[in-house]
Amino acid sequence: MRNGTPPNAVLVTGPPGAGKSTALMALDDRHPDLARFGVRDYGLRLAAAGHPLGTRMRETLLRQELLPDELVRLEFAHFLDHLPAAVRVVAVEGYPRDLPQCDDLLRTAADRDVRVTGFAVVTVPDGTARTRVANRRLCVECGATTDDPACPGCGGGVMRRRDDAAASFERRLADYHRIIGDLRAYFAERSLLREVDGTRPSDEVRAALWESLDTVDAVDADVPDSTDDLTDDLED
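First, a word on scope: everything that follows refers to the structure included in this document. This is a predicted model, so every value here is computed, not measured.

**Observations regarding helix 5 (residues 99–110)**
Between its first and last C-alpha atoms helix 5 spans 17 Å; for 12 residues at 1.5 Å apiece the expected length is 16 Å, and the two agree. Where the residues of helix 5 are buried, they touch strand 1 (8–13), helix 4 (69–81), strand 3 (89–93), strand 4 (115–123) and helix 7 (166–188). For helix 5, the capping residue at the N-terminal end is Asp 98, with a side-chain oxygen 2.9 Å from the backbone nitrogen of Gln 101.

**Notes on the sheet that holds strand 8 (residues 193–197)**
Reading across the sheet, the 5 strands line up as 2-3-1-4-8 and stay open at both edges, with parallel pairing between neighbours. Here the strands that pair on one side only, and so sit at the sheet edges, are strand 2 (34–38) and strand 8. With direction set aside, neighbouring strand axes in the sheet form an average angle of 25 degrees. Alignment of strand 1 against strand 3, held across 5 bridges, turns out to be parallel. Of the residues in strand 3, the one forming a bridge with Asn 8 is Val 89. Contacts from helix 1 (residues 20–30) reach strand 1, strand 2, strand 3 and strand 4, with the element oriented near 150 degrees to strand 2.

**Comments concerning helix 8 (residues 202–213)**
Look at helix 8: 16 Å from first C-alpha to last across 12 residues, which is about the 16 Å you get at 1.5 Å a residue. The set of residues buried in helix 8 consists of Val 205, Arg 206, Ala 208, Leu 209, Trp 210, Ser 212 and Leu 213. Elements that come into contact with the buried residues of helix 8 comprise strand 1, helix 1, strand 2, strand 3, strand 4 and strand 8.

**A word on the side chain of Asp 81**
Relative to the assigned elements, Asp 81 resides in helix 4. The exposure class assigned to Asp 81 is buried, which follows from its relative accessible area of 11%.

**A look at the nonpolar core**
Counting 37 residues, the largest nonpolar core has Phe 37, Phe 79, Val 92, Tyr 95, Leu 105 and Val 116 as the members making the most contacts within it. Not counting residues up to four positions away in its chain, the partners in contact with Phe 37 are Tyr 42, Glu 75, Phe 76, Phe 79, Ala 91, Val 92, Glu 93 and Tyr 95. In terms of nonpolar packing, the next biggest core, distinct from the first, is built from 22 residues, Ala 18, Leu 24, Val 133 and Val 205 among them.

**With respect to the packing of helix 2 (residues 39–48) against helix 4**
At a minimum axis distance of 10 Å, the contact between helix 2 and helix 4 shows a crossing angle of 75 degrees. Classed by the angle they form, the pair helix 2 and helix 4 counts as roughly perpendicular. Here Val 39, Tyr 42, Gly 43 and Leu 46 of helix 2 come into contact with helix 4, specifically with Val 72, Glu 75, His 78 and Phe 79. Per-class residue counts for the contact of helix 2 with helix 4 are 5 nonpolar, 2 polar and 1 charged.

**A word on the packing of helix 4 against helix 5**
The contact between helix 4 and helix 5 brings their axes to 10 Å, and the two run at 25 degrees. Comparing their axes, helix 5 and helix 4 come out roughly parallel. Of the two elements, helix 4 crosses helix 5, and the hand of that crossing is right-handed. Counting all contacts with helix 4, which are made through Asp 69, Val 72, Arg 73, Phe 76, Ala 77 and Leu 80, the residues of helix 5 involved are Pro 100, Gln 101, Asp 104, Leu 105, Thr 108 and Ala 109. Among the residues forming the contact of helix 4 with helix 5, the class breakdown is 7 nonpolar, 2 polar and 3 charged.

**Observations regarding the side chain of Arg 112**
Here Arg 112 lies in the loop between helix 5 and strand 4. Here the side chain of Arg 112 touches Asp 81 through a polar contact of 2.7 Å, side chain to side chain.

**Some words on the pattern of salt bridges**
Throughout the structure, instances matching the rule amount to 15 salt bridges. Arg 184 is the partner of Glu 195 in a salt bridge, and the nearest nitrogen-oxygen pair spans 2.3 Å. Here Glu 195 is found in strand 8, whereas its partner Arg 184 is found in helix 7, with 11 residues between them in sequence. For Arg 184, a relative accessible area of 25% translates into the label partly exposed.

**Describing the packing of aromatic side chains**
We describe a pair of aromatic rings using the distance from one ring centre to the other and the angle between the two ring planes. A complete count under the given rule lists 8 aromatic pairs for this structure. Ring centres 5.6 Å apart and planes at 70 degrees place the aromatic pair Phe 76 and Tyr 95 in the edge-to-face group. One end of the pair, Phe 76, is in helix 4; the other, Tyr 95, is in the loop between strand 3 and helix 5, and 19 residues separate them in sequence. On the basis of relative accessibility, which here comes to 3%, the residue Tyr 95 falls in the buried class. Seen in terms of ring centroids, Tyr 186 and Phe 187 are 4.9 Å apart; in terms of plane orientation they differ by 70 degrees. Their pairing is edge-to-face. Judged by its relative accessible area of 8%, Tyr 186 is buried. Look at Phe 187 and you get buried, because its relative accessible area is 0%. Over the ring of Tyr 186 we find Arg 190, and its NZ or CZ is 3.7 Å from the ring centre.

Definitions and limits used
Residues numbered from 1 in each chain as written. Predicted model: local features only at pLDDT ≥ 70, side-chain atom pairs only at ≥ 80, totals over all residues. Heavy atoms only, no water. Helix = DSSP H or I, 4+ residues; strand = E, 2+ residues; numbered from the N terminus. Expected span 1.5 Å × (residues − 1). Contact = heavy atoms within 4.5 Å. Polar contact = N/O pair within 3.5 Å; in protein donor to acceptor, adjacent residues only side chain to side chain. Pairing = 2+ DSSP bridges. Axes fitted to C-alpha atoms, helices over the stretch in contact; angles between N-to-C directions. Buried < 20%, exposed > 50% of the residue type's maximum accessible area, 1.4 Å probe, protein only. Core = buried A, V, L, I, M, F, W, Y, C linked by side-chain atoms within 4.5 Å. Parallel < 35°, antiparallel > 145°, perpendicular 65-115°, else oblique. Nonpolar A, V, L, I, M, F, W, Y, C, P; charged D, E, K, R; others polar. Left-handed = near helix turned anticlockwise from the far one by under 90°. Salt bridge = Lys/Arg side-chain N within 4 Å of Asp/Glu carboxyl O. Phe/Tyr/Trp six-rings, centres within 6.5 Å; stacked < 30°, edge-to-face > 60°. Lys NZ or Arg CZ within 6 Å of the ring centre and 35° of its normal.

In structure tokens, the structure reads:
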């Protein structure tokens, strides 16, 4: 269990191709007091470490399918419980996906005295997202996203992500549009909604996103009543 002052958490979302992952990876590299949580990334890390929770999630994540809400909640709780003491802000990417997960996330954070201080939406037009996804590649060495024929960061080879194929992208974009209205309304009611223009130059997007993450005027979100205890389900 983490000791010290709990961090604040900001939730970050946007359509595929918005550039949120690339921006957060760059911020993570520059700010040692920032930690990123992504359902797929953290789940596969747990699986690679042989953690029982990661083992339960591994095949579903590799198939790029959605995990049951309960597993995502346990995964997020494990992440918060094992944060380094130096972390003061957590960027939560792609979670929650629906209203029940909103309640789950707020309860899990509140149980650990973590304050959710923002819901940042990185916005780009659908056409811009399509163009970006059609051109982008993933470095097989470091995981960075690039438009170049080789990774400009580490020089590694690149490949196209399976979920960037046209049919897969359109499904993901449709899913995003289906859920984002409810999420916007949920967090707007709690004065947590933030907007980041993803069409701006990458350095400006990073700066705007960091401003959303590094907020000092935190607002206490209404937290749903806790319904059950996660302690027995979590293992070190």
